[in-house]
Amino acid sequence: MEDFSIKMNRTLAADRRFTEINLVNDQVWEFNGSSGEPPALAVQTTYGLRCRGMKIFPRFTLLGTTLTDPRTFFRAGRIEKRLTNYLLVTCSPFPAVDVELEYWVPSSQSICGRVGIINSGSDSLSLNCDWAVLLQPQGKGEAMTNAEMGISTVLKGATEDLSPVFFLTGGPQPSTKAYPALSLEMTLAPGAERHVSWSLASLDSQEASFTLARQNTALQWDNELVKHEMEAKRKIFHFHSDNSMLDDLLYESQVKALQCLIQGPAPVKRGMILSNRKPDAPLGTYKYSPKNNLANLPSTVYELWQMSRILLPAEPEIFKDIIMGYIDLQQADGAIPWAIKPNGTASKALNPPLLAGIVRDVNVYSQDKAWLEQVYAPLLDAFKRWFKGDTSWPVWNHLLQTGLDNAPLYSIWNKTDQGVDLRFIDSPALNAMLYHECQALLQISQTLEKGEELAWLQSKAEEIKGHVLACWDEQKAAFYYRDAQTGQCLPASQLYRTVSNGSVKPKLDCKGERRLVVSCIKAEGISGIADITLQGKNSSGSTSEAFHFSPGQFHEGIARFTSSCLFASLEKVVITGLQKGDEITISLAGFDDEDISLMLPLWAGLLSTEQAGRMVSQTLLPRYLSKFGLAALPIDRYPDHLHTSLPFWNATLTEGLLNYGLRENAAEVFQAFLAGSTNQWQTNGKINDAIRTDDGRGVGNQDNVNGLVVLLPFLRTLGIERVFPKEIIFNGLNDYLTPFTVQYGRAEVQMNRDCTTISTVNGSKIEIIEAGMQKSILP
């Protein structure tokens, strides 16, 4: 790795594959190359916000000069090796003083280190190496101080319910310098080296912490590292190209994804995905109560989909277990809810229909017919549940269900958003997911020879396809939203505005039967309630609807309601509760807003080859593609908007392009997306879940699963269609990306434009020089 890696953050966490993760006291660490106070080669945590900061770092003194900041070192250093729970850093604080620093998190409540110091010069030298430990406790805790425990000198402290103890081998002495530290003095002859180890354990008592810390310094590091490195070689793709920053990002995405895999509580111990795993939130949004064995599902099905594109084919077994966790939530009516509330009841909103597709993809690598049999009926019931709701056709029920909460049609975050209620929107994206899910169920049923369901699934697939294609605009080569009841896609327009209470009879013509959006805009700093009643007419006669605005419904000073009734005319408006500076607007709901989700039928395979080509050339590329990926909104339609590129939508649409054989377009899209992700990674070592399309800067959440770079679409763009333990399926040569070398398991694949070369561990080589599908059998 290059020296830039030292400037980046690296998360270190206990790995479920090698130890049991503590679900109530997991502690996650972060290596930081030079930022913070003091700047140092430090590992740090907040114990899940149970302290304001815990920081461990080395300090070197030679001939009266003390150095801590790596920017002042003779060689600042670099990351040489990185695993989920391990890091190797090298540096040279002084000429002829070479240092290896190793960090390892062997369990949820401890971290260990090894230090190797080598005199690479021709003269003997005397050096002091201190390990400083800074604790900023919460409440009545205690900062780290030196203490004698048994015959050992240690550092100890306290914060909330934790009593951390730091243990250093080699007979250290308390340091008298600025920070609490343990110091080792060493004299090294030319070529000599000295190795010591340390451990910090943070349990609920000093005695328990001391015992664990001391035990950890006797751990067999080398044996454990061999196991860890073998696992990484077998299950992580290693990329090498002329862009080392991109190579590093692709590797780090896999590492972070693995860190976010945990096992749930006993007795079932289901596999789970955390939305993130950081020092401030070691288990992301996961909440577990040992008293009643209640827990929430800590990630969304969108994150599960993205994880499947990062960790397949390496981890099919954990995905089988994770999917069973979703099925465990299934209700009697077949619903797999978006969430289980704290009181144990299920949300009305359903999980987006993506599970069957993920199951089909997992089974490509697991080939487990018994598991398919186990999950098929629950998945079929979950699919059927979408067609048993309160509406004549499936609709979203919650903003987060959509996977795109900033779409102007239904978003509530900006004042310019319409905020139309999702229950009244016929969404091509939802319908595309349903079609894709139906196709996956068809394939699973064929695999299991479930002939009794085939006819129904085939009929439902045709019905969904017809419904989606009814939203296709042939001239614009794009899909559009519709009113779920009327099927209309008309523009929005304001009908009426007032700042006064009272009763008025505006007698407004709606130009047909239309749905209304009523918005209440509150003056800054003013709270209160308002009531609005609309009276009008439609084809059934007179109609009326009342809306009650309460303080909790306002966001950024505005709240909106969508009428469930249709209005042909607005005859009377009655308003009470407005205060000075408040405003009421009544508008015709428009359904012609656009966003990236309208492209999802491409991913679902709903278009003819000709339609797909025109949609890509007329709409997707010219209107959405930026130099940093596909924007969430068409750039020409919303020129004043802060446009962002989102990983899920770039990944799905890249897959769609590949499925239609549009690999050159897929390369164009994914290269742009990677440019944005790499730019942000280079800037601060963080992976954001949104990238600005104007300058490539990251916005939104950092280091969440939904921000990680997916691999399977990237591999397919390179020309690697599928990877199995004993064979690789190629689809042509690497025609559209720069040369890459991909190492995975027993094979190393060099991918150039004119030739693909496969090298195996036994020294054999296979060359591919022809286009088209090719299968390479690995010896």
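Residues numbered from 1 in each chain as written. Predicted model: local features only at pLDDT ≥ 70, side-chain atom pairs only at ≥ 80, totals over all residues. Heavy atoms only, no water.

1. Comments concerning the overall build of the protein chain
Helix and strand content of the protein chain: 14 helices and 46 strands. Taking 28 Å as the expected radius of gyration for a compact globule of 779 residues, we find that the protein chain reaches 30 Å, a close match to that expectation. When the backbone C-alpha atoms are referred to their principal axes, the protein chain occupies close to 100 × 70 × 50 Å. Taken as a whole, the protein chain presents about 30,800 Å² of accessible surface, with 49% of it coming from carbon and sulfur. Of the side chains in the protein chain, 72 bear a positive and 85 a negative charge, and the two mean positions are spaced by 3 Å. (Helix = DSSP H or I, 4+ residues; strand = E, 2+ residues; numbered from the N terminus. Rg over C-alpha atoms; globule rule 2.2 N^0.38 Å. Areas by Shrake-Rupley, 256 points an atom, 1.4 Å probe, with all protein chains shown as cover. Lys, Arg positive; Asp, Glu negative; His and termini not counted. Charge placed at Lys NZ, Arg CZ, Asp CG, Glu CD.)

2. Regarding the packing of helix α12 (residues 647-659) against helix α13 (residues 663-684)
Orientation of α12 relative to α13, taken along the N-to-C sense of each, is 165°, at an axis distance of 8 Å. With respect to α13, the element α12 is oriented roughly antiparallel. Judged by the sense of rotation from one axis to the other, the crossing of α12 with α13 is left-handed. Residues Pro647, Asn650, Ala651, Thr654, Leu657 and Leu658 of α12 form the contact with α13, whose participating residues are Arg663, Asn665, Ala666, Val669, Phe670 and Phe673. (Axes fitted to C-alpha atoms, helices over the stretch in contact; angles between N-to-C directions. Parallel < 35°, antiparallel > 145°, perpendicular 65-115°, else oblique. Left-handed = near helix turned anticlockwise from the far one by under 90°. Contact = heavy atoms within 4.5 Å.)

3. As for the nonpolar core
One finds Tyr103 and Phe166 to be the most contacted residues of the largest nonpolar core, which totals 205 residues. Of the residues forming this core, the biggest block, 11 residues, is contributed by helix α8 (residues 428-447). Formed by 22 residues, the second largest nonpolar core is a distinct cluster that contains Cys510, Cys520, Ile584 and Leu588. (Core = buried A, V, L, I, M, F, W, Y, C linked by side-chain atoms within 4.5 Å. Buried < 20%, exposed > 50% of the residue type's maximum accessible area, 1.4 Å probe, protein only.)

4. Side note on unusual backbone geometry
Of note, the amide linkage connecting Ala266 to Pro267 takes the cis form, showing an omega dihedral of 5°. The residue Pro267 is located in the loop between β18 (261-263) and β19 (271-273) in this model. Of note, the bond from Leu312 into Pro313 is cis; its omega dihedral lies within 30 degrees of zero at 10°. With respect to the helices and strands, the residue Pro313 is situated in the loop between α4 (301-311) and α5 (316-328). Although it is not a glycine, Tyr47 sits at a positive phi angle of roughly 55°.

5. A few points about the pattern of salt bridges
Applying the stated rule across the entire model yields 52 salt bridges. Among the charged side chains, a network of salt bridges with common partners joins Arg10, Glu30, Arg82, Asp248, Glu252, Lys256, Lys686 and Asp703. (Salt bridge = Lys/Arg side-chain N within 4 Å of Asp/Glu carboxyl O.)

6. With respect to the pairing of strand β11 (residues 142-149)
In the sheet, β11 pairs with strand β12 (residues 152-158) via 6 bridges, with the strands oriented antiparallel. Looking across to β12, one finds that Thr145 is bridged to Lys156. Hairpin connection, β11 to β12: the antiparallel pair is bridged by 2 residues, and Gly150 has positive phi, about 65°. (Pairing = 2+ DSSP bridges.)

7. A look at the side chain of Ser347
By the secondary structure assignment, Ser347 is in the loop between α5 and α6 (355-366). Ser347 sits in the buried class, given a relative accessible area of 15%. The contacts of Ser347, once residues within four sequence positions are left out, are Pro337, Trp338, Ala339 and Lys341.

8. A short note on the sheet that holds strand β41 (residues 727-731)
Across the sheet, 3 strands lie side by side as β40-β41-β46; this open sheet has antiparallel pairing. One side of each edge strand has no neighbouring strand; the edge strands of this open sheet are β40 (720-723) and β46 (773-777). Across the sheet, the mean angle separating the axes of adjacent strands is 20° when strand polarity is ignored. Note: β40 against β41, 3 bridges, orientation antiparallel. Looking at β41, one finds that Val723 is bridged to Ile728.

9. Focus on helix α7 (residues 369-385)
With 17 residues, α7 should cover 24 Å at 1.5 Å per step; its first-to-last C-alpha distance of 24 Å lies within 8% of that length. At Val375, α7 is deflected by roughly 35°, the largest bend along its length, and proline Pro378 occurs up to four residues later in sequence. Here the buried face of α7 lies against α5, α6, α8 and α9 (451-469). (Expected span 1.5 Å × (residues − 1). Bend = angle between axes of the 7 residues up to and from the residue.)

10. Considering the pairing of strand β10 (residues 125-137)
In terms of residue burial, β10 counts as a mostly covered element, since 10 of its 13 residues are buried. Relative to β10, strand β4 (residues 51-62) is paired through 11 bridges, and the arrangement is antiparallel. Pairing of Pro58 across the sheet is with Trp131, part of β10. Looking at chain direction, β10 and strand β15 (residues 181-188) are connected through 8 bridges and run antiparallel. Looking at β15, one finds that Asp130 is bridged to Ser183.

11. Section: the sheet that holds strand β37 (residues 644-645)
Reading across from one edge, β37-β38-β39 is the order of the 3 strands in this open sheet, with antiparallel pairing throughout. On the outer flanks of this sheet lie β37 and β39 (698-702), each paired with one strand and no other. In this structure, strand β38 (residues 688-692) lies alongside β39, joined through 3 bridges in antiparallel fashion. Within β39, the position partnered with Asn688 by the bridge is Gln702. Lying on the sheet, α13 is in contact with β37, β38 and β39; it crosses β38 at an angle near 110°.

12. Side note on the environment of Phe479
Mapped onto the secondary structure, Phe479 falls in strand β24 (residues 478-479). Each C-alpha atom, one on Phe479 and one on Ala339, is 30 Å from the other, the two residues being 140 residues apart in sequence. In this structure Phe479 touches Pro428, Val468, Leu469, Cys471, Trp472, Leu598, Pro601, Leu607 and Met615, once residues within four positions along its chain are discounted.

13. Thoughts on the packing of aromatic side chains
This structure, assessed with the given rule, holds 30 aromatic pairs. The interplanar angle of 50° and the centroid separation of 5.5 Å between the aromatic rings of Phe670 and Phe673 together place this pair among those described as tilted. With Phe670 and Phe673 both in helix α13 and 3 residues apart, the pair spans about one turn of that helix. What makes Phe670 buried here is its relative accessible area of 1%. (Phe/Tyr/Trp six-rings, centres within 6.5 Å; stacked < 30°, edge-to-face > 60°.)

14. Observations concerning the environment of Glu193
With respect to the secondary-structure elements, Glu193 resides in strand β16 (residues 193-203). In this structure the C-alpha to C-alpha distance between Glu193 and Ile118, which are 75 residues apart in sequence, comes to 4.2 Å. Contacts of Glu193, omitting those with residues within four sequence positions, involve Ile117, Ile118 and Leu188. At 2.6 Å, the side chain of Glu193 forms a polar contact with the side chain of His195. (Polar contact = N/O pair within 3.5 Å; in protein donor to acceptor, adjacent residues only side chain to side chain.)

15. Describing the confidence of the model for the protein chain
For the protein chain, mean pLDDT is 93; residues scoring 70 or higher make up 97% of the total. Note that pLDDT drops below 50 for residues 1-6; the model gives that stretch 22 contacts with residues more than four away or on any other chain. (pLDDT = per-residue confidence, 0-100.)

16. What to know about the packing of α4 against α5
Put simply, α4 and α5 touch, their axes get as near as 12 Å, and they point 170° apart. Our classification of the angle between α4 and α5 gives roughly antiparallel. For the pair α4 and α5, the contacting residues are Val301, Leu304, Met307, Ser308 and Leu311 in the first and Phe319, Ile322, Ile323 and Tyr326 in the second. Looking at side-chain class alone, the contact of α4 with α5 contains 8 nonpolar, 1 polar and no charged residues. (Nonpolar A, V, L, I, M, F, W, Y, C, P; charged D, E, K, R; others polar.)

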